[in-house]
2 protein chains.
Amino acid sequence: MIDKLPTVKKLMRHLHQVPFLATKNLYRVTSYFLQLDQERLQQFCAALQEAKSKIILCNVCFVWQEKDTDCVFCADSSRDDSVICVVESWHELLVIERTQAYRGMYHVLGGVISPLDGISASDLKIDELVTRAALGVNEIIFALNQTPEGEATSAFIARKLQQLPLKITCLAKGVPIGSNLEFVDRLTVSKALTDRRSF
Amino acid sequence: MIDKLPTVKKLMRHLHQVPFLATKNLYRVTSYFLQLDQERLQQFCAALQEAKSKIILCNVCFVWQEKDTDCVFCADSSRDDSVICVVESWHELLVIERTQAYRGMYHVLGGVISPLDGISASDLKIDELVTRAALGVNEIIFALNQTPEGEATSAFIARKLQQLPLKITCLAKGVPIGSNLEFVDRLTVSKALTDRRSF
């Protein structure tokens, strides 16, 4: 039936590209946009285009910033610029910011090395990180996701940084707070055991 | 941090309205749109606005149709116009079409009666269905979702149709094909027992 509605099909082809819209949900999202009134739809498109034109990446830490203002982190003199936390993307940065436990700088890689997805080291902001680190940073904290790709990327970058006089750390691995040991996977428990610390 | 990026915040407020985008996914979807190149973003907005201007509801069965063509169902003379299948929305219609087991007409209600969500009978295409039914239809099939609201809406419409000389049916209730009885809920099994049929 969709084949007989080319305009709807075209819209759905575009929506299909958006992450987190599974095929089943696509119909509902399409309905949502078809039912939106003209004015709201205009506003939606305007917001998309405004964001596209006004939001750029900071050329130091690669976090999104408004074109006409300074980077939220780089321009904040209250933050400790001798520590850089390396994250995969903006979302992980937000997670760390939400803890309010970190007051250093960030470096957004823009992904992790993943040959299967065609992402190599040169697609990421790794050289920029090495350049930044060489300017006199005390510590680099790896906060990439705990995936094989994330671990491999950390190892790759650590090798590039090993000549520099700085501390390289990564997030502690162990049992999550509030967790029931019974439901924690074997690897995590064994890691928590070997990394045990005095109480 | 989002508070310091008003343009991003505005875009996220718009995206937040879209169904099936949970707050966690919102960041990734926002990134997706920020990373989209200018041309693709233009095309996306154009597709949205084209759909908005070109797609209308058929004024008989209330299925989406292209403005300059006939309704896919109403104009199809090979379909049996003496049977009307009543569905909640477009998605359920597509599910039924996909079975290729139905060659009658449809009537899209546009929702179900749900006082908690502020949806009353007058918000739906119920009067239009009664008018259609009065024009000489043999059978009305209720294919609303198996929710309390769906059942109540079916009952409400059935009462409105009871004066008319037509058959009112609903989808069979029973154990799903391929299911393991152990995992089917009690109510469904008991319904399947009382509605049992000769083998």
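Since we're looking at a predicted model, the values are computed, not measured.

1. Here we look at the relation of the copies chain A and chain B
Superposing chain A onto chain B takes a rotation of 180° plus a shift of 0.1 Å along the axis, which leaves an RMSD of 0.1 Å. Accordingly, the operation relating the two chain copies is best matched by a two-fold axis. Among all residues of chain A, the minimum C-alpha distance to the rotation axis is found for Cys45 of chain A, at 2.8 Å. A share of 100% of the interface residues of chain A reappears at the interface of chain B, consistent with the copies meeting face to face through the same patch.

2. Structural notes on the domain arrangement of chain A
Splitting chain A by domain gives domain 1 (2-54) and domain 2 (77-198). Measuring from the centre of the C-alpha atoms in domain 1 of chain A to the corresponding centre in domain 2 of chain A gives 35 Å.

3. Section: the packing of aromatic side chains
Throughout the structure, instances matching the rule amount to 10 aromatic pairs over all chains. Between Tyr32 of chain B and Phe33 of chain B, the ring centres sit 5.1 Å apart and the planes meet at 70°, which makes this aromatic pair edge-to-face. Residue Tyr32 of chain B is classed as buried on the basis of its relative accessible area of 16%. You can call Phe33 of chain B buried: its relative accessible area is 3%. Between the aromatic rings of Phe33 of chain B and Phe44 of chain B, the centroid separation amounts to 5.2 Å while the plane-to-plane angle is 50°, which identifies the pairing as tilted. Note that Phe33 of chain B is positioned in helix 2 (residues 23-35) and Phe44 of chain B in helix 3 (residues 38-54), a separation of 11 residues in sequence. One aromatic cluster is present, formed by Tyr32, Phe33 and Phe44 of chain A through successive ring pairs.

4. A word on the interface of chain A and chain B
In this assembly, 56 residues from chain A lie in contact with 56 residues from chain B. Here chain A meets chain B over a buried area of about 5600 Å², counting both sides, of which 73% is carbon and sulfur. Between Glu92 of chain A and Arg28 of chain B there is a salt bridge whose closest N-O contact spans 3.7 Å. Taken together, chain A and chain B are joined by 12 residue pairs in polar contact (both at pLDDT 80 or more). Looking at the side of chain A that touches chain B, the element that brings in the most residues is helix 3 (residues 38-54) of chain A, giving 14 residues.

What counts and what doesn't
- Residues numbered from 1 in each chain as written.
- Chains lettered and ligands numbered in written order.
- Predicted model: local features only at pLDDT ≥ 70, side-chain atom pairs only at ≥ 80, totals over all residues.
- Heavy atoms only, no water.
- Least-squares fit on C-alpha atoms with pLDDT ≥ 70 in both.
- Contact = heavy atoms within 4.5 Å.
- Domains from an automatic or database assignment.
- Phe/Tyr/Trp six-rings, centres within 6.5 Å; stacked < 30°, edge-to-face > 60°.
- Buried < 20%, exposed > 50% of the residue type's maximum accessible area, 1.4 Å probe, protein only.
- Helix = DSSP H or I, 4+ residues; strand = E, 2+ residues; numbered from the N terminus.
- Buried area = accessible area lost by both parts, 1.4 Å probe.
- Salt bridge = Lys/Arg side-chain N within 4 Å of Asp/Glu carboxyl O.
- Polar contact = N/O pair within 3.5 Å; in protein donor to acceptor, adjacent residues only side chain to side chain.

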